[in-house]
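# Results of the structural survey
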Amino acid sequence: MSGSADGIKSMCVVGAGQMGIGIGLVAARVAGLRVQFVDSSAAQLDKGLAFLDKLLAKDVAKGRCTEEARSEVKARITTCSSIGEAAAADFVVEAVSENVDLKRRIFAELSAAQPPGTILATNTSSISITKIAAAARRPECVVGMHFMNPVPVMKLVEVIPGLQTAKATLDTTLALAQRMGKTTTMSQDVPGFIANRLLMPYINEALVALQEGIATREDIDATMKLGTNTPMGPLTLADFIGLDTCLAIMKVLHAELGDSKYRPAVLLQKYVDAGWLGVKSGRGIYEYPA
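Per an unreviewed UniProt entry, the chain goes by the name 3-hydroxybutyryl-CoA dehydrogenase and belongs to Coemansia javaensis. UniProt, in its Pathway (unreviewed entry) section for the chain, records the words "Lipid metabolism; fatty acid beta-oxidation." As its UniProt record puts it under Sequence similarities (unreviewed entry), the chain is described as follows: "Belongs to the 3-hydroxyacyl-CoA dehydrogenase family."

Take a look at the structure:
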């Protein structure tokens, strides 16, 4: 690999949700980067930092991190409320919701605010990198960097070049992911990439089975968990990911590929319409008492 991440000293993470916080934490703790979180919601920044503190405290309690190391990580982290206020960074990761218009608007802002050499990565799990890059002034600096959830635990990062992505951008991104302790795979810029092209139809079919009354939610999950040796059943996994996220990805697959096999389950849409989004809302396919 000709690219190197040695020159990457700082990262800006746009979006202080669970994914963004996880990405920033790994960048600060494992790769030793200075990290700035950007989120327009002060409440979300506070919530995100509280989550980060909880993760670090768990690491200290389990002996994976010393108190001194925790303090050093915290000292490398700052926050701000807008892209325009953000400090110049060597590398940016956008980690907002799966909305193509929102992402394109963010990348237009980032390419105007950040220095010309900054790599702009999107953590999208299904949206075209080429389409997002087209909104940036320097599309050759845009790349897909899809982290798995939860980021501090999961080893994989899918790296996806768009049509415009320069080789140096791609190589540096692969090297940075490895510096962050991750294993990388590469996908072509197709809807869902590798992981969600395979995973989401599986989850969607489990919801169709539930909707058709083939079995209870418990029996569907137990059959797949014990019958195929997966860590959790598809319906439990959907609640963990977020049913709104699952629906958004299925809609991208259905719209972009035009095949009826990717049509979202009616029950999935109903749950989202009801505000039953999974673990994060306290109710999804299962119930999660506070």
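Alright, that's what it looks like, and here's the rest.
### What about the UniProt feature "binding site: NAD(+)" (unreviewed entry) in the chain?
Per the UniProt record, "binding site: NAD(+)" (unreviewed entry) is found at Gly15, Ala16, Gly17, Gln18, Met19, Gly20, Asp39, Glu98, Lys103, Ser125, Asn149 and Lys280. Considering only the annotated residues already named, the ones lining the largest pocket are Gly15, Ala16, Gly17, Gln18, Met19, Gly20, Asp39, Glu98, Lys103, Ser125, Asn149 and Lys280. For glutamine 18, the location among the structural elements is in helix H1 (residues 18-29). Beyond its immediate sequence surroundings of up to four residues, glutamine 18 is in contact with Phe51, Asn149 and Phe240. The residues contacting serine 125, other than those within four sequence positions of it, are Glu98, His146, Gly192, Phe193, Asn196 and Ile249.

### Concerning the pattern of salt bridges
Counted by the stated rule, this structure contains 12 salt bridges. Note that glutamate 218 is salt-bridged to arginine 217, the shortest N-O span being 2.8 Å. With a relative accessible area of 21%, arginine 217 lands in the partly exposed category. Through salt bridges with shared partners, one network takes in Arg217, Glu218, Arg283 and Glu287.

### Notes on the UniProt feature "site: Important for catalytic activity" (unreviewed entry) in the chain
Mapped onto this numbering, the UniProt entry annotates "site: Important for catalytic activity" (unreviewed entry) at His146. Here histidine 146 lies in strand E6 (residues 142-147). Those residues within four positions of histidine 146 in sequence are excluded, and the remaining contacts are Thr122, Asn123, Thr124, Ser125, Leu156, Val157, Glu158, Ile160 and Asn196.

### Looking at the layout of surface pockets
Counted as a void, the largest pocket has a volume near 1,600 Å³. Along the walls of the largest pocket sit 49 residues, with Gln18, Met19, Asn149, Phe240 and Ile241 positioned nearest its centre. Put simply, the parts of the chain that give the lining of the largest pocket at least two residues each are H1, helix H2 (42-61), E6, helix H7 (195-211), helix H9 (234-241) and helix H10 (243-257). Taken as a whole, the second largest pocket spans an internal volume of roughly 360 Å³. Surrounding the second largest pocket, 15 residues form its lining, Phe51, Leu55, Lys58, Pro150 and Val153 being those nearest its centre. Listing elements by their share of the lining of the second largest pocket, those giving two or more residues are H1 and H2. If you tally residues by element for the lining of the second largest pocket, the top one is H2, at five residues. Here the residues of the lining of the second largest pocket sort into seven nonpolar, three polar and five charged.

### What about the packing of H1 against H2?
Here H1 crosses H2 at 50°, and the two axes come no closer than 10 Å. Regarding the angle of H1 to H2, the classification is oblique. Both H1 and H2 take part in a crossing whose hand is right-handed. Of the residues in H2, those in contact with Gln18, Ile21, Leu25 and Arg29 of H1 are Gly48, Leu49, Phe51, Leu52, Leu55, Leu56 and Asp59. For the contact of H1 with H2, the per-class residue count stands at seven nonpolar, two polar and two charged.

### Remarks on the sheet that holds strand E3 (residues 77-80)
For sheets, the rule is that strands pair by backbone hydrogen bonds, running either parallel or antiparallel. Within the open sheet, the eight strands sit side by side as E3-E2-E1-E4-E5-E6-E7-E8. Their pairing is mixed. For this open sheet the edge positions go to E3 and strand E8 (183-186), each flanked by a neighbour on one side alone. Strand-to-strand twist across the sheet, computed as the mean angle between neighbouring axes with direction ignored, equals 25°. Across the face of the sheet, helix H4 (residues 100-113) comes into contact with strand E1 (10-14), strand E4 (91-94), strand E5 (119-122) and E6 while running at roughly 165° to E5. Against the sheet, helix H6 (residues 167-179) touches E1, E4, E5, E6, strand E7 (156-161) and E8, its axis set at about 25° to E6.

Reading the values: the criteria
Residues numbered from 1 in each chain as written. Predicted model: local features only at pLDDT ≥ 70, side-chain atom pairs only at ≥ 80, totals over all residues. Heavy atoms only, no water. UniProt positions renumbered as here; feature names shortened; annotations may be inferred. 1 Å grid on protein atoms, 1.4 Å probe; cavity = no way out; pocket = protein on both sides within 12 Å on 5 of 7 lines; lining within 4 Å. Helix = DSSP H or I, 4+ residues; strand = E, 2+ residues; numbered from the N terminus. Contact = heavy atoms within 4.5 Å. Salt bridge = Lys/Arg side-chain N within 4 Å of Asp/Glu carboxyl O. Buried < 20%, exposed > 50% of the residue type's maximum accessible area, 1.4 Å probe, protein only. Points joined across faces, edges and corners; volume = space filled by probe spheres on them. Nonpolar A, V, L, I, M, F, W, Y, C, P; charged D, E, K, R; others polar. Axes fitted to C-alpha atoms, helices over the stretch in contact; angles between N-to-C directions. Parallel < 35°, antiparallel > 145°, perpendicular 65-115°, else oblique. Left-handed = near helix turned anticlockwise from the far one by under 90°. Pairing = 2+ DSSP bridges.

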